[in-house]
Amino acid sequence: MVQSYLRHGPTQAFGLICSSTSNSLYDGKLAYVPALEDVLVWDMKKGQMLSMWHETGHRSEVTCICRSPQENIFAVGYADGSVRLWNSAFISVIATFNGHQKSVTALAFDAQGARLASGSQDTDIIVWDVVAEAGLYRLRGHRNQITAIRFLSEPELPSTSTGLRSRILLTTSKDTFMKLWDTSTQHCVQTIVAHRSEVSSLDIDPEKHFIFTGSNEGEVKAWKIDHESLSQGLVENEAGEVAKMIHPVTSLPLSSRHRVSQILFHPSQPYLAVQSHDRSIEVFRIRTEEEIRKKQARRKKRAKEKGKSNKKGKDIDDVVEDAVDIDQEINVIDLFTPYLVVRASAKVRSFDFGSKEAASKPGVQLFVALSSNALEVYNIPPPTKSKEETPEATRMFSVDLPGHRTDVRTLCLSADDQILASASNGSLKLWNLKTTACIRTIDCSYAICSTFLPGDRHIAIGTKSGEILIYDLASSALMETVKAHSSTVWSLHVRPDEQVLVSGSADKEVKFWEFERNVSSNDESMTINHTRTLKMSDEVLFVRYSPNGKLLAVALLDSTVKIFYQDTLKFFLSLYGHKLPVLSMDISDDSKLIVTCSADKNVKIWGLDFGDCHKSIFAHEESVMQVLFERKSHCFWTVGKDKMLKYWDGDKFENIQKLDGHHNEIWALAVSNHAKFVVTGSHDKSIRVWEKLDEPLFLEEERERELEQIYEDGIANALNRPDISINNNEADAQPSGEAGAVTKQTSETLMAGERMMEALDLADAERTAFQEYEEKVAQAGSLEAAGMQPPPRNPILAAYDLEPEAYVLRVVEKISSAALHDALLVLPFDKVISLMRYLDLWAQKGWNISLVSRILFFLLKIHHHQIVANRVMRTALIPLRVHLRKSLRREKDAIGYNLVALQHLRRRTEAERTAQFYEEEDFDEEKVRAKIAEGKKRKRVSIKA
């Protein structure tokens, strides 16, 4: 009989406040921050997580977040090149856009939120239609990663005008260029060499007059937007030159010359923030024209006084005239004055201004997401008149308790699996595993290893400095600091009889400590007393007691494992075979097997009777960091620097399951004492719990599934190669043009194409069978025809009770709008001809005309050459044109009628509101005349016709 195992599956990651893979957003109350593959929403005032945006099965990291002008809509870019639109109210994905080959680095919505532009590491910019959920076009021209995208809208346009709104797209890239694209013609209209090095950031001021760009050399440049040239387009002047739309103005002086990683204008207040240093953000205040005029007047006054005291050199009038000439014009540089510097507690990853300001405190909120897994909000005070007081930013809120500042280095579980302890450089945290809430945070030094002590009321930590720290969990207090070793304590283990703790250190010593319990009236405290020392020939990396309490295994830096009798400390066995040091090991519950893992990427399974190596397995692509047996079995878990967690059968030497979820090397592993779950801690600062499910797992099926996955990814990747074009249209196959089609094959689009082909085959067979039956009936006499049986219906069509053409439409409608074009590209030409017939039937019956039109125009564009060359298509296309025009005219009439009705309703409600307003105000003609006579200001009322 084939052996089956139980599958393990991921639950949510915790211990993560924010990751440094993407920018973060803040609206004055809620912060939207990346957390590896998820987006977390934090209430900054309460310091609690409100929601997690997680899509099941999606493992790519978040690389970019952008808020739409539409309420509750966010665009999130991922490392696999996909963009998802999330609705924050329902925490659900509205649409998924696949078009980029590499990770998405920049996102921007237009003013209405109807279009979304995305830029990527693959140097392309794609403009998406958010309403139709489809890619409009791809823009090529940059030669390196896109760093920022903005839609340029004209400032003086009234809200009703839609002519030139957000027609221009502005992009910057690591290739030092800034480009202006006209989205109506899909061409680049101006290319500017913005900086000498990579352009790293960009923002446009709220009035839409200036563009600010920052470079890797720490330079911030200001550019003026010529709106007149923008509205005219590419027009030559008298000299025969094309008018420039963006002109360089000046550079903004900064206090440091580091990479300018972010530039941001406040949406409503006169502030500009620039981050050009790891830990600080410079805030500039934008002065009003009145302030600058006052300053100029002061300058003139000073110049006059200077002239009076300096009569010898120049005439007074000349000096004053010079001052007037210099200061007649307002420079851009005069508008921006350094206001204050916000200094964060760690390296800043991104920042954002709070758009909805809290009324409690005057000033502006600045939200900062730190690289150390923490969030902070600072208050920037409003400017004061007094010169003595220098404004200083104060920290209002911070979220840092639910996660470690540095890598999680060690994990251990309590005996009842209720509490998890995780330790890093600086802190020890206790987690309730049911709720994944952090229940204690205790300061500690650089932790390397940890273990719960008998009774689960105390925990011992081995540190880099050689100390063993003992903490009391109830009081969160450090009970004892034992200077145990002169170098790093690499390993701690409690003997199965719970009487002795063993520690192994880089000072070549293994020390044994006995527990001493001091029971007082209030509580029970525990101390450890040193009893024995075992000196080794090399540094000790790991120590382990066998579960039967007879043996002690010690791993050394010389890549060997020495096994001793624990009572007499007599040497028993030496296990050698690893090429690099053994980093971890474990002994099975029956004390028959010992498994060792090493930096040489191998795992070896040994028998404890004779020290024979049963099997050596190449387990991971990088160093194997830790190994642990599952309780009461010979199955074991390994984690490595290759970000993988693997489950193995120690008797059959088979890999049972591979679990990928972490985005960086895994340092720590803890296995449940009841074999229910396993916990991992990683360099990405997250802690993940992998639970045992009730679903059985068969090795053959698992291997087949892995091979299928590799095969599907391989097909999609092959089709997405830039030198291969799926269709035969040469114009689209050439990637040399600036604008191109948005296509990207994924396993989802390939499967959608296959489903469409299957539906077409099924429907064609059904229609053919019934046509043949009808022909036979027509040819036969009336008596024969009465006796003829119609062919049996296809079971699928019978089950759904659908006609063949209705079934094909049902299948096509189920394909997501974003994946439809890519799915149609999969169809071979004979299936395209078949689909055309169904399009004609749908148009005739008036079914989903918008979808029919979209499919038809796409197919005509893609297969234009074949359709022109193929005479058969003429007979199909002429009736299709007639039917489609008729249906579209009907749709147009319905939409026109609805629009007129809506406009009528709007006028009526506005008239009612105006009348109601007059009634409420109790307007009377005589009273109004009296008010006017008194000369009082009355409230203006605009009455629309």
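Please read these numbers as outputs of a predicted model, since none were measured by experiment.

A. Local environment of the overall build of the protein chain. Per the secondary structure count, the protein chain includes 16 helices and 56 strands. Across its three principal axes, the protein chain shows a C-alpha extent of roughly 125 × 105 × 65 Å. Considering only contacts within the protein chain whose residues lie at least 6 apart along the sequence, 51% involve residues at least 24 apart. Working note: accessible area of the protein chain is about 47000 Å², and carbon and sulfur atoms make up 50% of it. Within the protein chain, one finds 119 positive and 130 negative side-chain charges whose respective centroids are separated by 5 Å.

B. Fine view of the side chain of E509. Within the secondary structure, E509 sits in strand β39 (residues 509-519). At 2.4 Å, the side chain of E509 and the side chain of K535 are in polar contact.

C. Spatial organisation of the packing of aromatic side chains. Taken as a whole and assessed by the stated rule, the structure comprises 17 aromatic pairs. Ring plane angle 40 degrees and centroid distance 4.4 Å describe the contact between Y32 and F74, whose orientation is recorded as tilted. A residue pair is termed long-range when its members are at least 10 positions apart, and Y32 in strand β3 (residues 30-35) and F74 in strand β7 (residues 73-78) qualify at 42 residues. The pair Y32 / F74 is uniform in exposure class, with both members buried. The rings of Y32, W53, F74 and W86 are connected pair by pair, giving a single aromatic cluster.

D. Inspection of the sheet that holds strand β29 (residues 394-399) at higher detail. If you walk across this open sheet you meet the four strands as β26-β27-β28-β29, and the pairing is antiparallel. Edge positions in the sheet fall to β26 (348-353) and β29, since each of these pairs with one other strand and no more. Sheet twist, expressed as the mean angle between neighbouring strand axes with direction ignored, is 25 degrees. Note: strand β27 (residues 364-370) against strand β28 (residues 374-380), seven bridges, orientation antiparallel. The partner of V368 across the bridge, within β28, is E376.

E. Local environment of helix α10 (residues 804-814). Most of α10 sits inside the fold, with eight of its 11 residues counted as buried. Turning to α10, its buried residues are P804, E805, A806, Y807, V808, L809, V811 and V812. Elements that come into contact with the buried residues of α10 comprise α7 (747-779), α9 (795-800), α11 (820-826), α12 (829-845) and α13 (849-862).

F. The arrangement of the sheet that holds strand β48 (residues 613-618) in detail. Reading across the sheet, the four strands line up as β45-β46-β47-β48 and stay open at both edges, with antiparallel pairing between neighbours. A strand with exactly one partner marks an edge of an open sheet, and here the two such strands are β45 (582-587) and β48. Going across the sheet, the axis of each strand differs from the next one's by a mean of 15 degrees, ignoring polarity. Sheet analysis places β45 next to strand β46 (residues 593-598), joined by five bridges and oriented antiparallel. Paired with I587 across the strands is I594, a residue of β46.

G. Broad picture of the packing of α7 against α10. One way to put it is that α7 packs onto α10 with a least axis distance of 9 Å and a crossing angle of 175 degrees. What the angle tells us is that α7 and α10 run roughly antiparallel. In this structure, α7 uses R755, M756, A759, L760, L762, A763, E766 and R767 to contact α10, whose residues at the interface are P804, Y807, V808, V811 and V812. The residue makeup of the contact of α7 with α10, split by class, is 10 nonpolar, no polar and three charged.

H. Inspection of empty space enclosed by the protein at higher detail. Considering all chains together, one arrives at five cavities of 30 Å³ or more under this definition. A volume near 70 Å³ is recorded for the largest cavity. Among the residues forming the lining of the largest cavity, the class breakdown is four nonpolar, four polar and two charged.

I. Representation of the environment of L136 within the structure. When you line up the elements, L136 lands in strand β13 (residues 134-139). By relative accessible area, which is 41% here, L136 ends up partly exposed. Residues L136 and R115, 21 residues apart in the sequence, show an inter-C-alpha distance of 9.2 Å. Those residues within four positions of L136 in sequence are excluded, and the remaining contacts are R115, V127, W128, D129 and V742.

J. Seen up close, a negative patch on the surface. Taken together, E654, E700, E701, E704 and E708 make up a surface patch of like negative charges. With respect to the helices, strands and loops of the structure, E701 is situated in helix α5 (residues 699-719). The exposure class assigned to E701 is exposed, which follows from its relative accessible area of 51%.

K. Representation of the pattern of salt bridges within the structure. Scanning the model with the defined rule gives 25 salt bridges in all. The partner of E217 in a salt bridge is R196, with the nearest N and O atoms 3.7 Å apart. Separated by 21 residues along the polypeptide, E217 in the loop between β19 (210-215) and β20 (220-225) and R196 in the loop between β17 (187-193) and β18 (199-204) bring together distant segments of the chain. You can call E217 partly exposed: its relative accessible area is 35%. The exposed category is assigned to R196, whose relative accessible area is 70%. Across the pair D801 and R793 runs a salt bridge whose closest N-O atoms are separated by 3.7 Å. Residue classification places R793 among the partly exposed positions, given a relative accessible area of 35%. Salt bridges sharing common partners tie together R7, E695, E702 and R705.

L. Structural detail: α12. Over its 17 residues, α12 runs 25 Å from end to end, which matches the ideal 24 Å to within 8%, given 1.5 Å per residue. With 12 of its 17 residues buried, α12 lies for the most part within the structure. Every buried residue of α12 is accounted for by K831, V832, I833, S834, L835, M836, Y838, L839, D840, L841, W842 and A843. Positive backbone phi, at 75 degrees, marks G846, one or two positions downstream of α12.

What counts as what
- Residues numbered from 1 in each chain as written.
- Predicted model: local features only at pLDDT ≥ 70, side-chain atom pairs only at ≥ 80, totals over all residues.
- Heavy atoms only, no water.
- Helix = DSSP H or I, 4+ residues; strand = E, 2+ residues; numbered from the N terminus.
- Contact = heavy atoms within 4.5 Å.
- Areas by Shrake-Rupley, 256 points an atom, 1.4 Å probe, with all protein chains shown as cover.
- Lys, Arg positive; Asp, Glu negative; His and termini not counted.
- Charge placed at Lys NZ, Arg CZ, Asp CG, Glu CD.
- Polar contact = N/O pair within 3.5 Å; in protein donor to acceptor, adjacent residues only side chain to side chain.
- Phe/Tyr/Trp six-rings, centres within 6.5 Å; stacked < 30°, edge-to-face > 60°.
- Buried < 20%, exposed > 50% of the residue type's maximum accessible area, 1.4 Å probe, protein only.
- Pairing = 2+ DSSP bridges.
- Axes fitted to C-alpha atoms, helices over the stretch in contact; angles between N-to-C directions.
- Parallel < 35°, antiparallel > 145°, perpendicular 65-115°, else oblique.
- Nonpolar A, V, L, I, M, F, W, Y, C, P; charged D, E, K, R; others polar.
- 1 Å grid on protein atoms, 1.4 Å probe; cavity = no way out; pocket = protein on both sides within 12 Å on 5 of 7 lines; lining within 4 Å.
- Points joined across faces, edges and corners; volume = space filled by probe spheres on them.
- Patch = residues over 30% accessible without salt bridge, like charges linked within 9 Å, V, L, I, M, F, W, Y side chains within 5 Å.
- Salt bridge = Lys/Arg side-chain N within 4 Å of Asp/Glu carboxyl O.
- Expected span 1.5 Å × (residues − 1).

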